[in-house]
Structures are given as C-alpha cells and as structure tokens.
Amino acid sequence: MSQPTPITFQSIDIDTLATATGRVAVFVTPEGKLDHAARRANRLTKGVLARLIKSESFAKAKPGQVITLAWPTGMAAEALDVLVIARRLTAIEARKAGAALARAKGDKALLVMAGNMTRAADLALGLALRDYRFDAHKTDANDADNMAGDITIAHNRPDDMEQALAPGLAVAEGVRMTRDLVNEPANVLTTGEFADRLVEMQNLGLKVEVLEEDQLEKLGMRTLLCVGQGSDSPSKVVVMQWNGGEKDAPPLALVGKGVVFDTGGISIKPAAGMEDMTMDMGGAGVVAGTMRALAQRNAKANVVGLVGLVENMPSGNAVRPGDVIRSMKGDTVEVINTDAEGRLVLCDVMWYAQERFEPAGMIDLATLTGAIIIGLGHENAGVFSNDDALCNRFLKAAKAEGEGAWRMPLGQVYDDLLKSRIADMKNIGGRAAGSITAAQFLQRFVKDETPWIHLDIAGVALTKTATDYAPKGATGWGVMALNRLVADMFEQE
Ligand code: BES
Ligand code: MN
Ligand code: ZN
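This write-up is about the structure you can find in this document. Quick caveat, the model's predicted, so the values are computed rather than measured. (Residues numbered from 1 in each chain as written. Chains lettered and ligands numbered in written order. Predicted model: local features only at pLDDT ≥ 70, side-chain atom pairs only at ≥ 80, totals over all residues. Heavy atoms only, no water.)

Ordered by their spatial adjacency, 6 strands build an open sheet running E1-E6-E5-E2-E4-E3, and the pairing between neighbours is mixed. What marks the edges here is a single partner per strand, and that holds for strand E1 (7-10) and strand E3 (66-70). Geometrically, the sheet is characterised by an average inter-axis angle of 25° between neighbouring strands, direction not taken into account. Sitting on the sheet, helix H7 (residues 158-183) touches E1 and strand E6 (151-155), and the angle it makes with E1 is about 150°. (Pairing = 2+ DSSP bridges. Helix = DSSP H or I, 4+ residues; strand = E, 2+ residues; numbered from the N terminus. Axes fitted to C-alpha atoms, helices over the stretch in contact; angles between N-to-C directions. Contact = heavy atoms within 4.5 Å.)

Structure, rendered in structure tokens:
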C-alpha cells in the first residue's frame, strides 16, 4: 500500500516560524484578523500579511482557501501558506481547509501553526485524506530522494489532538487502501492479487477466507462463475469478518462488486474509455477499505465484508448472450447482455451472505451502471433501499461525512421490465431507467426480512477532476460514510 505522510502534533515553539524549511502555514480570519503565529510571520516578513489583508485578492478569497506567498523574506521557508479560516467552524469546514493545505503542499515538508484551534484534528484528517498520490508505477517518484516531506502541526494541546485524530487516521488508511485498489491497473490487480491483499489484513485481526472456484461451484454460484469463465484469472469470493461487537449479535453485511476488468465480454464495449474499466472493482474496494478502517480503529461492531472477484473477458468459453444460468438462489437468468455482469456477480454473493450470516442489514456497493452517471453525475451515488429507517441512517451518515448520496426509487413496474420469455428473469431491462432495473434485479435476491441498501457508485468511485478530499482518480467514496454508519448503528452508548 502507498505510505501516508506522517502527521505529528507538536507543542508550539514560535521561533520555528523563522527557521522551518519547506512550507509554513498560518491562519488569518476572513475579516483579516491574524492569530499569534500570523502576527509573528507578519513581523518577520516586514508586514507582508498586513498588505495581503488589504488586497483585492484577500477580499475575494473564500473561507478555507489558501493564499501562497512564495520565498517570504525573513523566513527560511520557501512558501508561506496563508489559510483563510474562521475561528469557529464545522468539522467538514476544518477538513476542507486541511485538504486545501495538502493540495498546496506537494512533496515539501509542511509546518502548520494551528495555535489553539479546537478542530485541529479535523484539519489534520483533511490533510491526511488529500495528501495522496498514486505513484506506484512512476519510476522517478520511487527514488528515495523524492519522498514527500512530513507534516507537523504545532498546537498548544498536541497530545489531546493526537488522541482525537487517531480514529480519523484509521479511517484515512481505509480510504487510502480503497484508492490504491481502484487506481491499480488490471494486469497488476488480478483476482489473485486482490485476494492476496485482503488476506494480508488478517494481521489487523480480521478473519479472512478465500472461496475458490470449486467451492463456488459446489455452492451453486453459477451466475457469478459464468461472468469469470472467459478469463484466465480464476473467480474468487473473499469473506472478511470483523467481530468487535457483542458475541452472536447478527452482523452488518457489506457486499462488493469486484470485476477487476470489464471488457463487456461477448457484448464487448467500444474501445474509447475501456481502460477505465480497471475501476470496476470499486465496490469491492470500498468494502475492503471499510473493513480495514473498522479493524484499525478496533470498532465495537460485528461487520462482515464479502467481495466477488471476477474478470469479464470475451473468449471461446465465455458466457454468450442468450445463455440461461441458474443462480445460487435457484432462480434462472437469461443473459441478454454479457456487459450487465455486475448484477450476476452480486446476486450470488448477496444470497450467500444472507444464507450464511443472517445479517441485521446488508449493503451492496457496485460500479453497476453507466446510467447512474447520466442521472446523478459524479456528485452523488445512487441509493436504493427496501428499508426507510436504514436508508435514512445511511443518508445522514453520508451527509455528515460530505459524501454525496441520493435516494432513487424502486417499484413493481420497474421489476416487470425484467420478465424473460424462457427463464425466470433477464439480466437487463432496457434503456429506460437502467440504474433502477439493475437495482430491481438485485432486489430479487434480497430476502423480505433483510433491510438492504444498494449503492451504485459508478459515478463517484473515480473522477476525472479532483474532489474536495482526493486528487483526480480514485476517491475512496463511501468508506467514511459506512464507517460512520457502523458507529451510529452499533457503537452508541
Ligand atoms: N461496469 C459497468 C458500469 C460502468 C459504466 C461503471 C461506466 C463505470 C463507468 C457495467 O458493468 C456495465 O457495463 N453496465 C452496462 C449495463 C447495460 C449493459 C444494461 C451499462 O451501464 O452500459
Ligand atoms: Mn459491464
Ligand atoms: Zn461492470
């Protein structure tokens, strides 16, 4: 996994302002009030900050923005980052401010003069989330000389802040794992490599099992297996259990679509943009990152994560359009389009999750449909649910973490679109309501008594432009919301 930049809290030594190399950040309020460190920086630079706050660019600056002054006189630093920040702010605002500092940081060392800021741990979390680069395959970046500089936050209660940050850093590590998995190309992240990385998490106290093709065959997971049958990489289901809660309390089940590459199969996709289908394991990536976060922060909850790992390839023995396949549940599916493969993978894993664990709730995550991108863009994941209470809890958690999520409808009329002439159902509806008919397909594999949420993350898992918390590429969307949902559901006194 890519290594996070170390973040340490330190007690304040105002003299380091002059001597620190790399970058130094100080705080100014939107009204132009300088805190103690900013006043000292102003003195060292012979009044640069006083001039800045009278300038037009400062008047235009928004809270949370960073104004960089390069090579400040009187200081050893090569940049003075002036963070425009209110004295009182929400956790999300503090996080975004930290992310803005990380964006400016590059690979230099950074000293943040945070004074007595109460939300310094949130600011640090924003730094940790945004200070991410996927350069595993950049030759130069892996020279020892090019390692990124550390982050130091000077605060008058460093120990308290360090303690407040610890659970946040655990979650940030989960986010990082998700991003690394999603960014990894498909020739590296094969089904085998994916499973190996999950097995490694045993050292965090997770129980991890890998079900191989012969076992999946015995279980009757034919719809999952048919997706992978054209690939040289064997299909696998990985089960990760975190039992930090009450003994025998039913777990929350997280189920992820892990298509390591989606060519579309015999219903092959057009060439343009096909390379993005290396991210089609995004759902499984979020499940993995969430399990990591829960283990790392020692969550008092029972959660089981299951991922279906397959590769969708065309070949002489690939599944064909028109084939009829029997699912583990027993229902038969007419495969009209081999590119609607995610639902074929999920339906067997979801059924298995319910049969084996009788979960208190089940949430599946998948980069399931292009249609959800048409509907909601890259700002919101599509949320589908059979249970208002669970759904509202999730939406609340997502909102609190700043992760966009928007509920979509389900209903019998959509389900009717899946009727097949020769089997129990088809694997696609039609062009209309593509994301909803995909969700309807999944709901056929949800037991009435299981509260369930389906998250279509095709638009949010990977973006072409940077988001608040992530550079362009994989975002890790969902890890923070799910982590909070688990805390809300199981860890309230
Ligand atoms: N993995 C794709 C969905 C997708 C598209 C994810 C774009 C991310 C970006 C999925 O397997 C797929 O191919 N869906 C088809 C379904 C159709 C055949 C009913 C789609 O959305 O076109
Ligand atoms: Mn597909
Ligand atoms: Zn797919």
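Before going further, it helps to examine the coordination of the manganese ion (ligand 2). Donor atoms from the polypeptide that coordinate the manganese ion (ligand 2) comprise Asp262 (OD), Asp339 (O), Asp339 (OD) and Glu341 (OE), at 2.0 to 2.2 Å from the metal. Seen from the manganese ion (ligand 2), its 6 donor atoms lie at angles of 70 to 166°, and the figure they make is irregular. Mapping the donors of the manganese ion (ligand 2) onto the primary sequence yields the spacing D-x76-D-x1-E. In this structure, the manganese ion (ligand 2) is positioned 3.2 Å from the zinc ion (ligand 3), and both are ligated by aspartate 262. Remark: aspartate 339 occurs in the loop between strand E12 (332-334) and helix H12 (342-357) and aspartate 262 occurs in strand E9 (residues 252-262); sequence separation between them is 77 residues. (Donors = N, O, S within 2.8 Å, 3.2 Å for Na, K, Ca; no water. Tetrahedral: all angles 85-135°; square planar, octahedral: opposite > 155°, others 65-115°.)

Here we take up the coordination of the zinc ion (ligand 3). Protein coordination at the zinc ion (ligand 3): the donors are Lys257 (NZ), Asp262 (OD), Asp280 (OD) and Glu341 (OE), at 2.0 to 2.4 Å from the metal. Geometry at the zinc ion (ligand 3) is octahedral, judged from the 6 donor atoms that bind it and their angles of 78 to 174° at the metal. All donors of the zinc ion (ligand 3) belong to a single chain; written as a sequence motif, their spacing is K-x4-D-x17-D-x60-E.

Among the surface-exposed residues, Lys33, Arg39, Arg43 and Arg87 lie close enough to one another that they form a single positively charged patch. Structurally, lysine 33 is set in the loop between strand E2 (23-28) and helix H2 (36-44). In this structure lysine 33 comes out as exposed when scored by relative accessible area, which is 52%. (Patch = residues over 30% accessible without salt bridge, like charges linked within 9 Å, V, L, I, M, F, W, Y side chains within 5 Å. Areas by Shrake-Rupley, 256 points an atom, 1.4 Å probe, with all protein chains shown as cover. Salt bridge = Lys/Arg side-chain N within 4 Å of Asp/Glu carboxyl O. Lys, Arg positive; Asp, Glu negative; His and termini not counted. Charge placed at Lys NZ, Arg CZ, Asp CG, Glu CD. Buried < 20%, exposed > 50% of the residue type's maximum accessible area, 1.4 Å probe, protein only.)

Moving on, we get to the environment of alanine 99. Within the fold, alanine 99 resides in helix H5 (residues 91-105). Exposure remark for alanine 99: the relative accessible area of 0% places this residue in the buried category. Contact partners of alanine 99, with chain neighbours within four places excluded, come to Gly126, Leu127, Arg130, Asp468 and Tyr469.

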